[in-house]
Amino acid sequence: MLSHTLEHGVLVITVDQDPGIDGRAALSTHITALVDAHQPAPVVIVLTDEASSGATVSAVLRAHQWCGRLGVLMSVVTHSAPVRRLLENNADATGPRLVVHARTDTAITTAFTAAA
């Protein structure tokens, strides 16, 4: 369902499958566990085309709330303009802003620069 790497001190989590409505809580738990293990590293979540669903968006928004509580910078990458809008329009506005990118390299560079 997901994989992760560290690139330039940035935790990059790739979600490559739609977890479905029944799997969104588990996906959110996996993401937050990785964030906990690597904090204070900034996080970039990459959503593949296969993972661009409402259930995935819900899990990512929950993870964004978690990152906000921890003060961890989080951004998301998706090629889907409708998913980018959905994320931006529903992100928690009380903590750090959720930055949504169309390109992975830009997201990682931006996260690395912001954390430096």
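Residues numbered from 1 in each chain as written. Predicted model: local features only at pLDDT ≥ 70, side-chain atom pairs only at ≥ 80, totals over all residues. Heavy atoms only, no water.

## A word on the nonpolar core
Val43, Ile45, Leu47, Met74 and Leu87 are the most contacted members of the largest nonpolar core, which has 24 residues in total. Within the residue set of this core, elements represented by two or more residues are β2 (10–15), α1 (20–38), β3 (43–47), α2 (54–70), β4 (74–78) and α3 (81–90). In terms of residue count, α2 provides more of this core than any other element does, six residues in total. Every residue in contact with Leu87, bar those within four places of it in the chain, is listed here: Leu47, Val57, Val60, Leu61, Val76, Thr78, Leu98 and Val100. Counting residues in each nonpolar core, the second largest holds eight residues, with Val12, Val77, Ala107 and Ala111 among its members. (Core = buried A, V, L, I, M, F, W, Y, C linked by side-chain atoms within 4.5 Å. Buried < 20%, exposed > 50% of the residue type's maximum accessible area, 1.4 Å probe, protein only. Helix = DSSP H or I, 4+ residues; strand = E, 2+ residues; numbered from the N terminus. Contact = heavy atoms within 4.5 Å.)

## Here we look at the packing of α1 against α2
At a minimum axis distance of 8 Å, the contact between α1 and α2 shows a crossing angle of 30°. In this view, α1 runs roughly parallel relative to α2, as classed from their interaxial angle. Taken as a pair, α1 and α2 cross one another with a handedness that is right-handed. Counted together, Gly20, Ile21, Arg24, Ala25, Leu27, Ser28, Ile31, Thr32, Val35 and Asp36 of α1 and Ala55, Thr56, Ser58, Ala59, Arg62, Ala63, Trp66, Cys67 and Leu70 of α2 form the full contact between these two elements. The residue makeup of the contact of α1 with α2, split by class, is eleven nonpolar, five polar and three charged. (Axes fitted to C-alpha atoms, helices over the stretch in contact; angles between N-to-C directions. Parallel < 35°, antiparallel > 145°, perpendicular 65-115°, else oblique. Left-handed = near helix turned anticlockwise from the far one by under 90°. Nonpolar A, V, L, I, M, F, W, Y, C, P; charged D, E, K, R; others polar.)

## Quick look at the packing of α2 against α3
Orientation of α2 relative to α3, taken along the N-to-C sense of each, is 35°, at an axis distance of 10 Å. You can see that α2 and α3 cross each other, and the crossing is right-handed. When α2 is examined against α3, the residues Val57, Val60 and Leu61 are found in contact with a partner set consisting of Val83, Leu86, Leu87 and Asn90. Residue composition of the contact of α2 with α3, grouped by class: six nonpolar, one polar and no charged.

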